[in-house]
Amino acid sequence: MARMDTPRYRTTPVPHEGYPPGIPFIVGNEAAERFSFYGMKVLLTAFFLDMLFYNQVRATGAVHLFVVAVYLTPMLGAYIADRFWGKYPTIMILSGVYCVGHLVLALMDLLEAKGLESQFAIETDVVNRLAATGGGAISALVENYMPRARLDGWFMISGLALIALGAGGIKPCVSAHVGDQFAKGEEKKLEKIFGLFYFTINFGAGFSQIIMPKVRDTWGHGWAFGIPGILMGVATVVFWMGRHRFVHVPPSGPNPNSFWKVVLYALGNQANTPAGGTWLDAARDRFDDRTISGVRAVIGVLGVFVFICVFWMLQDQMSTTWTIQARSMNLQIIPPSSSSAGWSIAADQVQSLNAFLVMVLIPLMTYGIYPMLGRMGLEMTALRRMTGGMLCSFVSFVMAGMIQLAIDRGQSVSVLWQIPGYIIITLAEVMVSITGLEFAYTQAPKSMKSTLMGFWLLTIAIGNFLIEPFLRLSNKLAVHLEGIGIKGLKVVEDRVTAANFFMFAALMLLAAIAFTWAASRYKPVNFMEPAGDGHSTL
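Residues numbered from 1 in each chain as written. Predicted model: local features only at pLDDT ≥ 70, side-chain atom pairs only at ≥ 80, totals over all residues. Heavy atoms only, no water.

Colleague: Looking at this model, I keep getting lost on empty space enclosed by the protein. Mind explaining?
Modeller: Space left empty within the atom packing is revealed by a probe, the size of a water molecule, rolled over the atoms. As enumerated under the stated definition, the model contains three cavities of 30 Å³ or more in all. Computed from the structure, the largest cavity encloses a volume of approximately 590 Å³. Forming the walls of the largest cavity are 33 residues, and the residues nearest its centre are R34, Y38, Y71, K171 and Y198. Considered class by class, the residues forming the lining of the largest cavity number 18 nonpolar, eight polar and seven charged. (1 Å grid on protein atoms, 1.4 Å probe; cavity = no way out; pocket = protein on both sides within 12 Å on 5 of 7 lines; lining within 4 Å. Points joined across faces, edges and corners; volume = space filled by probe spheres on them. Nonpolar A, V, L, I, M, F, W, Y, C, P; charged D, E, K, R; others polar.)

Rendered as structure tokens:
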């Protein structure tokens, strides 16, 4: 019989000759979960365009609004994990919510809409406007398909809301859970594991982005949305299997010294700021130096992270504006011949290039380019890598704008012309996203690690939220430029145009310059946890 005082799980990390024993279970979970998420997400743009009849700008906005929800909920997940449940229980519970969301999406195609359609009234003004502009064909479309589109819309909203809560809620917990497995002094191992972690994400994502559009075209949306749900169930089981191998850092409970309590107290007591002190020093009459130093460290990182929002405005458009661009291109990869029908791809499969390129570029940069630059005297610090990535993102959108100019002018352009842009924007992702995960973890004290991870993910939410407004703004700006004699930026209302790509490129260049200035003023710190004997109790 086990002794009653035997700890249930290891709660502090210990050094290992190799890697911690729980890492394979985390990596396996992440591969299946990312197949699940990206296998569902790759279908969304085409679904909004072709099944719910959204225009291009509105469809883009709808997809990015979902991404906003996915990256807002991490703050909730981080709070629950850090204060109450701990990371492991939080991941398990919210993974169940995640699975239910996939089930709801799968039900769109598995349930008969007949008999239920009357419960979802069609907006009369929408029907009338479509019928007036499109004649009999549009009238028939509305009569036959709009009721089902309304029903699908409700299933879509409900399913995506549940997925956003589950996927977003576990995000900061999983990333921080990886870091929890390593002791102080194992920073190099952690850097390599974050690289493997990101490699695994893209392994699952890449194959799902190829497979699921084919599943949709062959068996319909029910299976296309259902299979990712099955993979999410597999991911949950794999994570559960590793429970005895993990380091389980316990929740801290209600924290009287939390980030927000310190910040709010300092803001409310500015009259107490000592002479020559900063605004945070107003909290010194209640909080100790260590706590205030931790909060100051997090705020210092946020001053750098704010410019990353613009990076995500560009990066996440591969699933929307880049896919919409591909729909207007020649998708024939191998032309037909007398002996062969040729080979073409679906427009939403092209984005899988990003995932497969990541798997190539991660080891190339980690084991080749970065060490080579270091030997040449140019140490690629985290902040330098991120600056370089932002500049690569700028270049990729200039290239996408040039392609769109040709399309807007009526030229037939092969989808193969997107490949150079995908290589450069993927290089940007490797330099910024992997580095950002590593940087966020090491720059926060123990009690605020998941909080800072949540802030990192919040930059993604803000960037995605701004995409649709800037699409509309850039189209209006292009109209104005044509009005004053600058030609070539053809603009069609509610469509993606070259003007969109060029405006985002300009924003990225400005943000990269500002980031360089902020990074030069930031002094990195290291809050990795010291090694323990591994026998503290929950």
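Colleague: Just checking my understanding: could you explain the pattern of salt bridges for this structure?
Modeller: A full pass over the atoms with the stated rule returns nine salt bridges. Note that R327 is salt-bridged to D50, the shortest N-O span being 3.0 Å. Linking R327 in helix 11 (residues 321–327) with D50 in helix 2 (residues 44–50), this pair joins segments that are 277 residues apart in sequence. For R327, a relative accessible area of 37% translates into the label partly exposed. What makes D50 partly exposed here is its relative accessible area of 41%. Notably, a salt bridge pairs R216 with D348, separated by 2.6 Å at the nearest N-O pair. (Salt bridge = Lys/Arg side-chain N within 4 Å of Asp/Glu carboxyl O. Helix = DSSP H or I, 4+ residues; strand = E, 2+ residues; numbered from the N terminus. Buried < 20%, exposed > 50% of the residue type's maximum accessible area, 1.4 Å probe, protein only.)

Colleague: I would appreciate a short explanation of unusual backbone geometry in the present structure.
Modeller: A negative phi holds for most residues other than glycine; trans holds for most peptide bonds. A positive phi angle, near 65 degrees, is found at F53, a position not held by glycine. Counting through the fold element by element, F53 comes out in the loop between helix 2 and helix 3 (56–85). Under the relative-accessibility criterion, F53 is labelled partly exposed at 32%.

Colleague: How do you make sense of the environment of A406 when you look at a structure like this?
Modeller: Relative to the assigned elements, A406 resides in helix 13 (residues 382–408). Once the C-alpha coordinates of A406 and A498 are considered, the two residues, 92 residues apart in sequence, prove to be 8.8 Å apart. Apart from the residues within four sequence positions on either side, A406 is in contact with Q411 and V413. (Contact = heavy atoms within 4.5 Å.)

Colleague: What is the right way to read the packing of helix 10 (residues 308–315) against helix 14 (residues 418–442) from this model?
Modeller: Between two packed helices, both the angle of their axes relative to each other and the distance between the axes serve to describe the pair. Two elements in contact, helix 10 and helix 14, have axes whose closest approach is 11 Å; the angle formed by their N-to-C orientations is 145 degrees. As helix 10 runs across helix 14, the sense of the crossing is left-handed. Across the interface between the two elements, I308, F311, W312, L314 and Q315 of helix 10 pack against I425, A428, E429, V432 and S433 of helix 14. Residues of the contact of helix 10 with helix 14, tallied by class, amount to seven nonpolar, two polar and one charged. (Axes fitted to C-alpha atoms, helices over the stretch in contact; angles between N-to-C directions. Left-handed = near helix turned anticlockwise from the far one by under 90°.)

Colleague: Help me understand the packing of aromatic side chains, please; the structure alone is not making it clear to me.
Modeller: Here a ring pair, both rings aromatic, is described through the centre-centre distance and the interplanar angle of the planes. By the definition in use, this model includes 21 aromatic pairs. Aromatic side chains F37 and Y38 sit 5.3 Å apart centroid to centroid with 85 degrees between the ring planes, which places their arrangement in the edge-to-face category. Here Y265 and F287 contribute two aromatic rings whose centre-to-centre distance is 5.8 Å and whose plane-to-plane angle is 80 degrees, an arrangement assigned as edge-to-face. Taken together, the residues Y265 in helix 8 (residues 259–268) and F287 in the loop between helix 8 and helix 9 (289–305) connect sequence positions 22 residues apart. By relative accessible area, Y265 is classed as buried at 15%. We classify F287 as buried; its relative accessible area is 6%. Grouping aromatic residues by their ring pairs yields a cluster made of W322, F397, Y422, F501 and F504. Note that R58 overlies the ring of Y54, its terminal NZ or CZ placed 3.8 Å from the centroid. We note R385 situated over the ring of Y370; from NZ or CZ to the ring centre the distance is 4.8 Å. (Phe/Tyr/Trp six-rings, centres within 6.5 Å; stacked < 30°, edge-to-face > 60°. Lys NZ or Arg CZ within 6 Å of the ring centre and 35° of its normal.)

Colleague: Help me out: how do you make sense of the environment of M318 in this one?
Modeller: Along the chain, M318 turns up in the loop between helix 10 and helix 11. Note: C-alpha distance between M318 and Q351 (33 residues apart in sequence) is 6.2 Å. For M318, the contacting residues outside a window of four places in its chain are T323, Q351, N354, Y422, I425 and E429.

Colleague: Looking at this structure, how should I read the nonpolar core?
Modeller: Buried together is how nonpolar side chains tend to be arranged in soluble globular proteins. Counting residues in hydrophobic clusters, the biggest one holds 139 residues, and the most contacted among them are F66, I308 and W456. Contacts of I308, omitting those with residues within four sequence positions, involve M386, M390, V432, W456, T459 and F515. (Core = buried A, V, L, I, M, F, W, Y, C linked by side-chain atoms within 4.5 Å.)

Colleague: For this particular structure, what's the right way to read the side chain of Q404?
Modeller: With respect to the helices and strands, Q404 occurs in helix 13. The contact partners of Q404, leaving out residues within four places of it in the chain, are Q325, V496, T497, A498 and F501.

Colleague: Just checking my understanding: could you explain a nonpolar patch on the surface for this structure?
Modeller: A cluster of nonpolar side chains, namely Y79, F84, W85 and I93, defines an oily patch on the protein surface of about 430 Å² accessible area. Along the chain, F84 falls in helix 3. (Patch = residues over 30% accessible without salt bridge, like charges linked within 9 Å, V, L, I, M, F, W, Y side chains within 5 Å. Areas by Shrake-Rupley, 256 points an atom, 1.4 Å probe, with all protein chains shown as cover.)

Colleague: Help me out: how do you make sense of the confidence of the model for the protein chain in this one?
Modeller: The predicted coordinates should not be examined in detail at positions where pLDDT is low. Mean pLDDT over the protein chain works out to 81, with 84% of the residues at or above the 70 mark. Mean pLDDT values over the elements of the protein chain span from 68, in helix 5 (residues 124–180), up to 96, in helix 11. Predicted confidence is poor over residues 112–128, with pLDDT under 50, and the contacts of this stretch with residues over four places away or in other chains come to 15 contacts. Residue range residues 530–538 is modelled with pLDDT below 50. Its contacts to residues more than four positions away, or to other chains, number 29 contacts. (pLDDT = per-residue confidence, 0-100.)

Colleague: Whenever I open this one, helix 10 confuses me. Can you help?
Modeller: An α-helix turns once every 3.6 residues. As a result, residues three or four positions apart point the same way. With eight of eight residues buried, helix 10 lies mostly within the body of the structure. Three or more residues of helix 10 are buried, namely I308, C309, V310, F311, W312, M313, L314 and Q315.

Colleague: Could you clarify how one ought to interpret the side chain of N500 in this entry?
Modeller: Looking at where N500 falls in the secondary structure, it is placed in helix 17 (residues 498–521). Given a relative accessible area of 2%, N500 falls into the buried group. One polar contact links N500 to S474, side chain to side chain, over a distance of 2.6 Å. Of the polar contacts made by the side chain of N500, one reaches the backbone nitrogen of T497; its length is 2.7 Å. Those residues in contact with N500 that lie beyond four places of it in its chain are L471, S474, N475 and R495. (Polar contact = N/O pair within 3.5 Å; in protein donor to acceptor, adjacent residues only side chain to side chain.)

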